[in-house]
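Geometric and topological summary
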Amino acid sequence: MSGPLLDLFATEHPAFVHVPLGLVIALPFSIAISLKAKHTHAWKIASFFIAIVAFAGSIVAIISGLFWGRQISLISPGGYFPVVASGKQILQKMLQLHEIAALAGVVVGFFCLVLIWRSMKEDNDARVSTSPFHRRLADRAVWLAPLFFSFLWIGAWGFCGKLGGIMVFGNEETNKAAAAADQARKKDVEADLPIRALDYASLEPVQAAPIRSKAHGNRWARIWVTASGIDDYKVGKPLPSGAYAVLSTVEDARGKPGQEPGPLFMRETLADGRVSFAFYWPRVPEARRAETGGEDSAYWRSPSEKLKACAVCHTTAGLAAKP
Ligand code: HEC
């Protein structure tokens, strides 16, 4: 089921919920007034009316909430309840409680409604059968139960609404979880693809033309450094934190540069000052596989054991000991 109207119905869930919530907050007042005021019977009818509209409104709210949850994939397409697969899924956990509280409110509300109805009926019976004194006594006793249930009703939906507010506007916990998820996603992208190393041409080139690099397999190489580190690099200082350098290479198959792309070497100064290395060689020619331990494609990142050799030449400060 989909369509613009249904979408609107689903996304307006935060608006719908205020109708039943507001009515339920008014309910105990109207019940309490009916215990005392002159127009007792009128207030009882009003209470019943408030309760029944609140109950009907809650059904609309719940259905729109279900559609909304499915629309934003917190609930699976045919599902009714979110699945919490890991402790980090704070929104799903909150939605579970939110749904339970909403349904608890509906059950409590139903009892409240039945109690109001029943006491109205008993009220009428009492009117014909008992003395005025007994009538008033029965009146009050029989209205205490719905009053009690109306408070429970507010409690359930108040809790439900509080969670709903947090899910919509966020609080410290959800914001932290969102930031952590964002960080993890960024790290994941880098884990699968050596994106920054591949984008070396967007950095500042150190040489205008390739140089021979004995240290890196005697290939033709060019060095590229982030704008944040190029000045320090040129005067031989360690790269500032966050800066990195890439050494792009070409295989020198026939003594001329530019025959075949070779591996990318990357060296980065992390935010905490540690130096991290990366090595990316998407297609290792058969004759060169001894260098990668037989692998036909290599992507290694610190703290991989395979990058130990890099650290031997590049000191902890990150500078290569020039031969
Ligand atoms: C034998 C010593 C040696 C080894 C091993 C070595 N490097 Fe280097 N590296 C150098 C030297 C020397 C330079 C300076 C450019 C040149 O002469 O090739 C350099 C330059 C670089 C640069 C360019 C920025 C800079 O620091 O000048 C990067 C990036 C780099 N190396 C990464 C690596 C990575 C990653 C590894 C491991 C896979 C590695 N290197 C292994 C010696 C080494």
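Residues numbered from 1 in each chain as written. Predicted model: local features only at pLDDT ≥ 70, side-chain atom pairs only at ≥ 80, totals over all residues. Heavy atoms only, no water.

Along its length, the protein chain carries 10 helices and seven strands. Here the protein chain holds 323 residues, and the buried ones make up 36% of them. Taking the contacts inside the protein chain whose residues are at least 6 apart along the sequence as the reference set, 55% of them involve residues at least 24 apart. (Helix = DSSP H or I, 4+ residues; strand = E, 2+ residues; numbered from the N terminus. Buried < 20%, exposed > 50% of the residue type's maximum accessible area, 1.4 Å probe, protein only. Contact = heavy atoms within 4.5 Å.)

A few words now on the coordination of the iron atom of the ligand. Donor atoms from the polypeptide that bind the iron atom of the ligand are His 216 (NE2) and His 314 (NE2), placed at 2.0 to 2.1 Å. Classification of the site at the iron atom of the ligand as octahedral follows from its six donor atoms and the range of 86 to 179 degrees in their angles at the metal. One end of the pair, His 216, is in the loop between strand E2 (211-213) and strand E3 (219-225); the other, His 314, is in the segment after helix H10 (308-313), with 98 residues separating them in the sequence. Residue classification places His 314 among the buried residues on the basis of a relative accessible area of 16%. (Donors = N, O, S within 2.8 Å, 3.2 Å for Na, K, Ca; no water. Tetrahedral: all angles 85-135°; square planar, octahedral: opposite > 155°, others 65-115°.)

What follows covers the side chain of Arg 219. In this fold, Arg 219 is placed in strand E3. On the accessibility criterion, Arg 219 (2% relative accessible area) is buried. Beyond its immediate stretch of four places on either side in the chain, Arg 219 contacts Ile 211, Arg 212, Ser 213, Thr 249, Val 250, Glu 251, Pro 263, Phe 265, Trp 281, Arg 288 and Glu 291.

Taken together, 21 residues lie around the ligand, and His 216, Tyr 233, Cys 310, Cys 313 and His 314 are the ones closest in. Note that a nitrogen atom of the ligand is positioned 2.8 Å from one of the side-chain N or O atoms of His 216. Here an oxygen atom of the ligand sits 2.4 Å away from a polar atom, N or O, in the side chain of Tyr 233. Contributions of two or more residues to the shell around the ligand are made by strand E4 (244-251), strand E5 (260-269), strand E6 (275-281) and H10. When its residues are assigned to classes, the shell around the ligand shows 16 nonpolar, three polar and two charged. (Near = heavy atom within 4 Å. Polar contact = N/O pair within 3.5 Å; in protein donor to acceptor, adjacent residues only side chain to side chain. Nonpolar A, V, L, I, M, F, W, Y, C, P; charged D, E, K, R; others polar.)

A cluster of nonpolar side chains, namely Tyr 80, Phe 81, Leu 97, Ile 100 and Phe 159, defines an oily patch on the protein surface of about 520 Å² accessible area. With respect to the helices and strands, Ile 100 occurs in helix H5 (residues 90-129). On the accessibility criterion, Ile 100 (47% relative accessible area) is partly exposed. (Patch = residues over 30% accessible without salt bridge, like charges linked within 9 Å, V, L, I, M, F, W, Y side chains within 5 Å. Areas by Shrake-Rupley, 256 points an atom, 1.4 Å probe, with all protein chains shown as cover. Salt bridge = Lys/Arg side-chain N within 4 Å of Asp/Glu carboxyl O.)

So, on to the packing of aromatic side chains. Scanning the entire structure with this criterion turns up 12 aromatic pairs. A centroid spacing of 6.2 Å and a plane angle of 45 degrees characterise the contact between Phe 55 and Phe 110, whose relative ring orientation is tilted. Taken together, the residues Phe 55 in helix H4 (residues 40-71) and Phe 110 in helix H5 connect sequence positions 55 residues apart. Relative to Phe 149, the ring of Phe 148 lies with its centre 6.0 Å away and its plane at 85 degrees, an arrangement referred to as edge-to-face. With a relative accessible area of 52%, Phe 148 lands in the exposed category. Three or more aromatic residues joined by ring pairs form one cluster here, namely Phe 265, Phe 279, Trp 281 and Trp 300. The lysine or arginine in question, Arg 196, covers the ring of Tyr 244, its NZ or CZ lying 5.0 Å from the ring centre. (Phe/Tyr/Trp six-rings, centres within 6.5 Å; stacked < 30°, edge-to-face > 60°. Lys NZ or Arg CZ within 6 Å of the ring centre and 35° of its normal.)

What follows is about the confidence of the model for the protein chain. In the predicted model, the protein chain carries a mean pLDDT of 86, and the fraction of residues at 70 or more is 87%. Per-element averaging of pLDDT across the protein chain places helix H7 (residues 172-192) at the bottom with 75 and strand E1 (residues 204-205) at the top with 94. (pLDDT = per-residue confidence, 0-100.)

All right, on to the packing of helix H1 (residues 4-11) against H4 then. Any two packed helices are characterised by the angle at which their axes cross and by the distance between the axes. Interhelical geometry of H1 versus H4 gives an angle of 105 degrees and a closest axis separation of 7 Å. As the angle between them shows, H1 and H4 are arranged roughly perpendicular. Seen from H1, the contacting residues are Leu 6, Asp 7, Phe 9, Ala 10 and Thr 11; seen from H4, they are Val 60, Ile 63, Ser 64, Phe 67, Trp 68 and Gln 71. (Axes fitted to C-alpha atoms, helices over the stretch in contact; angles between N-to-C directions. Parallel < 35°, antiparallel > 145°, perpendicular 65-115°, else oblique.)

The next subject is the side chain of Ser 213. Mapped onto the elements of the fold, Ser 213 is located in strand E2. The exposure class assigned to Ser 213 is buried, which follows from its relative accessible area of 9%. At 2.7 Å, the side chain of Ser 213 forms a polar contact with the side chain of His 216. If we skip the residues at most four places from it in the chain, Ser 213 touches Asn 218, Arg 219 and Ala 221.

Here the focus is the pattern of salt bridges. Across all of its chains, the model carries 11 salt bridges by this definition. One salt bridge connects Asp 232 with Lys 237, and the closest N-O pair in it is separated by 3.8 Å. The partly exposed category is assigned to Lys 237, whose relative accessible area is 45%. Across the pair Glu 291 and Arg 288 runs a salt bridge whose closest N-O atoms are separated by 2.4 Å. Classification of Glu 291 by relative accessible area gives partly exposed; the value is 40%. Given a relative accessible area of 23%, Arg 288 falls into the partly exposed group.

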